[in-house]
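# Architecture at a glance
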Amino acid sequence: MMNVLIIFGASGDLTSRKIIPALFQLFSEKKLPKPFAVIGISRTRFTSAEWRKQLKASIQKTMKDPDFSRDWDQFESIIHYFSGDVKNPEMFFELNCFIKEIQKENGEKNAEIVYYLAVAPILYTQIIQNFEKTGLAAKDFPDKYGIILEKPFGMDRQSAEDLNRQLHSVFQENQIFRIDHYLGKETVNNIFALRFANTIFEPLWNRDYIEHIQITVNESLPVGRRGPFYESTGILRDMFQNHLLQLLSITAMEPPAQFDAKFVRDEKVKVLRSIRKSKYEIEKNMVYGQYVKYREEQGVHPDSLVPTFIALRLFIDNWRWKGVPFYLRSGKSMSCQTSQILIQYKKPPHWIFENEIQRKREKSSSDPEGNSLLIQIQPSEGIRLNFLSKVPGTIMLFQNSELTFSFGNYGKNKLPEAYQRLLLDVFSGDPSLFARNDEVEAAWDIIDPFQNYIDSAIRRNISIPLYESGSWGPSASDLWMQKQGRTWLNLCPIIDRPEKNGSY
Ligand code: BG6
């Protein structure tokens, strides 16, 4: 049986920056199933040779491997180009003939076909309808066809439901792979290991010990050339509905009975459904801002009120988490790139050292910080546990100490790119690390009220707080935390970070 991956959107950025490099890497490591073929489709009138040449030039720039050219020459033979317009149903019949030719060349009668929609979401409906019209993907053949979609999966709950309904008219849910590339990150998967392959963390992973949790996904890069996309999509749909809520679900979920797609996704959905809906308390639970030069970006309206930074406070109303705030924040043009999860533990219930300190007439060191566990997702990868230890000497004074784990110290292997892991999972038919329909819809239920609030503020022309590029967001964000008696962990990556960026 031959495996064929058909990429709609062959000339796009995603194909050349993520999909093809991941496939190339898997090919070089001999991990792709055999025989394997990739067919790229877009409207540009390329030949396969021209497409290969263009891909090689763009990918070579980022590959440091001295064997690149040798491996690429072998890889090239499995990639093909087919020029066509996805809006035209005829094209799908022609594509079918093209697939048959490739099968014939490989001496294969049957093929497992996976379609990858690396196109603007506005084209999804048309493509799915054409599958339906031409019968080229059928839910009656669950092993034969699959479809990969990139986010955003809809623009709100309603449109996500519509999209899911359309998909289900052609594919079964287990044939649909909705990519959230955060789920393919090694460090995100390590959260499963940390929580469920150890016994020492889980008993303390609840409202009895945890004071609050912060999930930060900050980027130092500005919006840049993606102005038009950003203006219409915004940060809630671009980052929160998917990446941040996925991080929250994995951090907060109950242990699944097995590490299996159904069990894992059932537990994640339960978390999302338990999040308190913020309909009437948006102002208490959200702060937002825009970086000063955003309005000068290409394709951005000169008076734009679209936020480029948002922080949310969410509560999970279940036994484990009742009363523990989860803070989620993300921004563009921030001080540094950092994705991290901070588990902030409560302070000791009773501080026994106060009288000793007074006896020795030392300055008080009461009111200690609680312990914290920092999970760094990227760009450096690791975990840091903070605790107090005694300052050596004759009295009981304390200092912050830490235990750190760095992925960089474990083996010489480079961490695999998220897309490599996810593509292999698609080919082996494992949807564990992909968003299920009910998960996507439950996530929109949380985001919609915040998005509606922002949309209404924009319509009413309400001014937006600004922040300097290279900062940690608008001052309102720090103030908001202070009012709640907490502080953001405004810390650029500390574990395994090259020295050249100075101190943190
Ligand atoms: C994408 C968003 O999904 O994730 C981008 O569309 C964002 O706006 C990117 O920059 C961040 O991904 P990563 O892996 O660089 O953190």
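For the structure on display, the rule yields 2 cavities of 30 Å³ or more. One number sums up the size of the largest cavity: a volume of about 80 Å³. Taken together, Phe153, Asp180, Gln241, Asn242, Leu245, Gln246, Ser249, Leu272, Ala435, Glu439, Val440 and Ala443 form the lining of the largest cavity. Per-element tally for the lining of the largest cavity: the top contributor is helix α8 (residues 227-252), with 5 residues. Considered as a void within the structure, the second largest cavity measures approximately 40 Å³ in volume. Going through the elements one at a time, α7 (186-196), β12 (372-378) and β13 (382-390) are the ones with two or more residues in the lining of the second largest cavity. Considering each element in turn, the lining of the second largest cavity owes the most residues, 4 residues, to α7. Split into classes, the residues belonging to the lining of the second largest cavity amount to 5 nonpolar, 4 polar and no charged.

The subject of this paragraph is the state of the cysteines. The term disulfide refers to a covalent linkage connecting the sulfur atoms of a pair of cysteines. Within the structure shown, the criterion is met by 1 disulfide. The disulfide partner of Cys336 is Cys492, and the S-S distance across this bridge is 2.1 Å. For the disulfide bridge between Cys336 and Cys492, the dihedral angle about the S-S bond is near -100°, and by the sign convention the bridge is left-handed. With Cys336 in the loop between β10 (325-331) and β11 (338-345) and Cys492 in the segment after α14 (475-483), the pair connects residues that are 156 residues apart, well separated along the chain. Given the relative accessible area of 6%, Cys336 is considered buried. On the basis of relative accessibility, which here comes to 15%, the residue Cys492 falls in the buried class.

This structure, assessed with the given rule, holds 27 salt bridges. Salt-bridge contacts for Arg436 lead to Asp266; the nearest nitrogen and oxygen are separated by 2.8 Å. Highlighted residues: Arg436 in the loop between α12 (418-427) and α13 (437-459) and Asp266 in helix α9 (residues 261-274), separated in sequence by 170 residues. With a closest N to O distance of 3.7 Å, Glu402 and Arg384 form a salt bridge. Taken together, the positions of Glu402 in strand β14 (residues 398-406) and Arg384 in strand β13 put the pair 18 residues apart, joining distant regions of the chain. Overall, the relative accessible area of 46% leaves Glu402 in the partly exposed class. A cluster of three or more residues bridged by salt bridges with shared partners is formed by Arg157, Glu161, Asp162, Arg165, Glu441 and Asp445.

Conventions adopted
Residues numbered from 1 in each chain as written. Predicted model: local features only at pLDDT ≥ 70, side-chain atom pairs only at ≥ 80, totals over all residues. Heavy atoms only, no water. 1 Å grid on protein atoms, 1.4 Å probe; cavity = no way out; pocket = protein on both sides within 12 Å on 5 of 7 lines; lining within 4 Å. Points joined across faces, edges and corners; volume = space filled by probe spheres on them. Helix = DSSP H or I, 4+ residues; strand = E, 2+ residues; numbered from the N terminus. Nonpolar A, V, L, I, M, F, W, Y, C, P; charged D, E, K, R; others polar. Disulfide = S-S within 2.5 Å. Buried < 20%, exposed > 50% of the residue type's maximum accessible area, 1.4 Å probe, protein only. Salt bridge = Lys/Arg side-chain N within 4 Å of Asp/Glu carboxyl O.

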